[in-house]
Amino acid sequence: MKNYNNRPRVLVTGGAGFLGSHLCERLLNDGHDVLCLDNFFTGTKDNIAHLLKDPNFEVMRHDVTFPLYVEVDEIYNFACPASPIHYQHDPVQTTKTSVHGAINVLGLAKRTKAKIFQASTSEVYGDPQVHPQPESYVGYVNPIGPRSCYDEGKRCAETLFFDYHRQHRLNIKVARIFNTYGPRMHPNDGRVVSNFIMQALRNEPITLFGDGTQTRSFCYVDDLVEGIVRLMNGDDNLTGPMNLGNPGEFTMIELAETIHSLIGSRSAFIYMPLPADDPKQRQPDITMAKETLEWEPGITLEEGLKKTIGYFDALLKGRANG
Ligand code: NAD
Ligand code: UDP
């Protein structure tokens, strides 16, 4: 069933967040009727202000840990704080958001027969002992550490998605998203890209945790959204879990140096203790996405950082436009 003007009705939970807001924008451009659901814990109205004038866009304040009753054709489940300082702020709520949230949206999908997408994460691999990480790797995760509320919550959500798929024949899509960055990241979310850019723009010390040799692979948001949409619209047999991310791998020192020089900053580099359970390395094996979706990221780290720096610079000068 579609809405009155024959547009697919799509629910995006966490739609006012960084990734969710870009996804809502893309889905509107693709001709969908979009219902953005958010409790505004880390997302903001500013992220979606420019979409409010679109008659095919609607916002609902709701917490996914409570059941919801709406009529939709597709669901993208993005509700969950994603940065370590945000998800560790209220760890019990983080696990509830992943697990109760998944149960609620899966129940909704079961009743409405909607296709449902889960924003899973590279964190399901924990501190990986296999490098790069293919989807077949089952991970190396501490179940009782400070990151566990997020990692184990997301792992349990994957379990629920696959059980609903096997038990109730739900049409599911699960993507394991690797570190993604871009405009509308929260400036104070403590993630490395936003931290380094804000510090460099303010000429404040750039904070390297540990010795700065740990690695991450950074995907620009537009590339990621393209992969998400292709997975959702792909063959029904393509349930995932599927890695989506940019395989370019950088140490945190390399990232800091790149941001420093792109901005022409006067910031010094300072070293601080490495947080507990901080993964030493992370790089997606995206063979599956390349072969099944003909997808791979096209935006280089430097290009993506320039766009992101432009956003944060405007934010600091009080004229960011989302
Ligand atoms: P974000 O914090 O900007 O977005 C999360 C959104 O969910 C926010 O708008 C927040 O207010 C909302 N939210 C949180 N708890 C909620 C609840 N209980 N009910 C309703 N809304 C709630 O983070 P993001 O980077 O946009 O991440 C979005 C999703 O993608 C998350 O599920 C995250 O785990 C996943 N993900 C992101 C990355 C990344 O690098 N950005 C990587 C892997 C996975
Ligand atoms: N990091 C850092 N300085 C900062 C923030 C983060 O060196 O100011 C490091 C952090 O220790 C980790 C990497 O950057 O090794 C990525 O951290 P982020 O919180 O962005 O994401 P995640 O650890 O969840 O991949």
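Up top you'll find the structure we're talking about.
Residues numbered from 1 in each chain as written. Chains lettered and ligands numbered in written order. Predicted model: local features only at pLDDT ≥ 70, side-chain atom pairs only at ≥ 80, totals over all residues. Heavy atoms only, no water.

This part covers unusual backbone geometry. The omega torsion of the bond from histidine 131 to proline 132 falls at -10 degrees, within 30 degrees of zero and hence cis. Tracing the backbone through its elements, the reader meets proline 132 in the loop between strand 5 (115-121) and helix 4 (148-168). Residues glycine 240 and proline 241 are joined by a peptide bond in cis, for which omega reads 0 degrees. Of note, the phi angle at phenylalanine 40 is positive, near 60 degrees, even though the residue is not glycine. (Helix = DSSP H or I, 4+ residues; strand = E, 2+ residues; numbered from the N terminus.)

Attention now moves to helix 7 (residues 252-263). A rise of 1.5 Å per residue sets the reference length of helix 7, with its twelve residues, at 16 Å; its end C-alpha atoms lie 17 Å apart and thus fit the reference within 8%. Within helix 7, the full set of buried residues consists of Met252, Leu255, Ala256 and Ile259. Along helix 7, the residues classed as buried sweep out an arc of 100 degrees about the axis, all on the same side. Those residues of helix 7 that are buried are in contact with helix 5 (192-201), strand 8 (206-209), strand 9 (215-217), strand 12 (249-251), strand 13 (269-272) and helix 9 (301-316). (Expected span 1.5 Å × (residues − 1). Buried < 20%, exposed > 50% of the residue type's maximum accessible area, 1.4 Å probe, protein only. Arc of directions from axis to C-beta. Contact = heavy atoms within 4.5 Å.)

In space, the seven strands of this open sheet follow the order 3-2-1-4-5-6-11, with parallel pairing throughout. Edge positions in the sheet fall to strand 3 (57-61) and strand 11 (242-244), since each of these pairs with one other strand and no more. Direction aside, the axes of adjacent strands within the sheet are offset by 20 degrees on average. As paired strands, strand 1 (residues 9-13) and strand 2 (residues 33-38) are joined by five bridges and run parallel to one another. Bridge pairing in strand 2 links valine 12 to cysteine 36. Its contacts with the sheet put helix 1 (residues 18-29) on strand 1, strand 2, strand 3, strand 4 (74-77) and strand 6 (172-177), and the angle it makes with strand 1 is roughly 170 degrees. (Pairing = 2+ DSSP bridges. Axes fitted to C-alpha atoms, helices over the stretch in contact; angles between N-to-C directions.)

Moving on, we come to the packing of helix 3 (residues 91-112) against helix 4. Where helix 3 contacts helix 4, the two axes come as close as 8 Å, and the packing angle between them is 15 degrees. By the angle between their axes, helix 3 is roughly parallel relative to helix 4. As helix 3 packs across helix 4, the resulting crossing turns out to be right-handed. Residues Pro91, Thr94, Thr95, Ser98, Val99, Ala102, Ile103, Leu106, Gly107 and Lys110 of helix 3 form the contact with helix 4, whose own contacting residues are Cys149, Tyr150, Gly153, Lys154, Cys156, Ala157, Leu160, Phe161, Tyr164 and His168. Its residues assigned to classes, the contact of helix 3 with helix 4 comprises twelve nonpolar, six polar and two charged. (Parallel < 35°, antiparallel > 145°, perpendicular 65-115°, else oblique. Left-handed = near helix turned anticlockwise from the far one by under 90°. Nonpolar A, V, L, I, M, F, W, Y, C, P; charged D, E, K, R; others polar.)

In the neighbourhood of ligand 1, 31 residues make up the surrounding shell, with Leu19, Asp38, Thr42, Tyr150 and Thr180 lying closest. Between an oxygen atom of ligand 1 and a main-chain N or O atom of glycine 17, the distance comes to 3.0 Å. One nitrogen or oxygen atom from the main chain of phenylalanine 78 is found 3.1 Å from an oxygen atom belonging to ligand 1. Only helix 1, helix 3, strand 5 and helix 4 provide two or more residues apiece to the shell around ligand 1. Along the lines of polarity and charge, the residues of the shell around ligand 1 split into 15 nonpolar, twelve polar and four charged. (Near = heavy atom within 4 Å. Polar contact = N/O pair within 3.5 Å; in protein donor to acceptor, adjacent residues only side chain to side chain.)

It is worth spelling out helix 1 at this point. Turn by turn, an α-helix covers 3.6 residues, leaving residues three or four places apart pointing in a common direction. Compared with an ideal rise of 1.5 Å per residue, which puts twelve residues at 16 Å, helix 1 spans 17 Å between its outermost C-alpha atoms and is within 8% of the ideal. Across the twelve residues of helix 1, nine count as buried, placing the element largely inside the fold. For helix 1, the set of buried residues is Phe18, Leu19, Gly20, Ser21, His22, Leu23, Cys24, Leu27 and Leu28.

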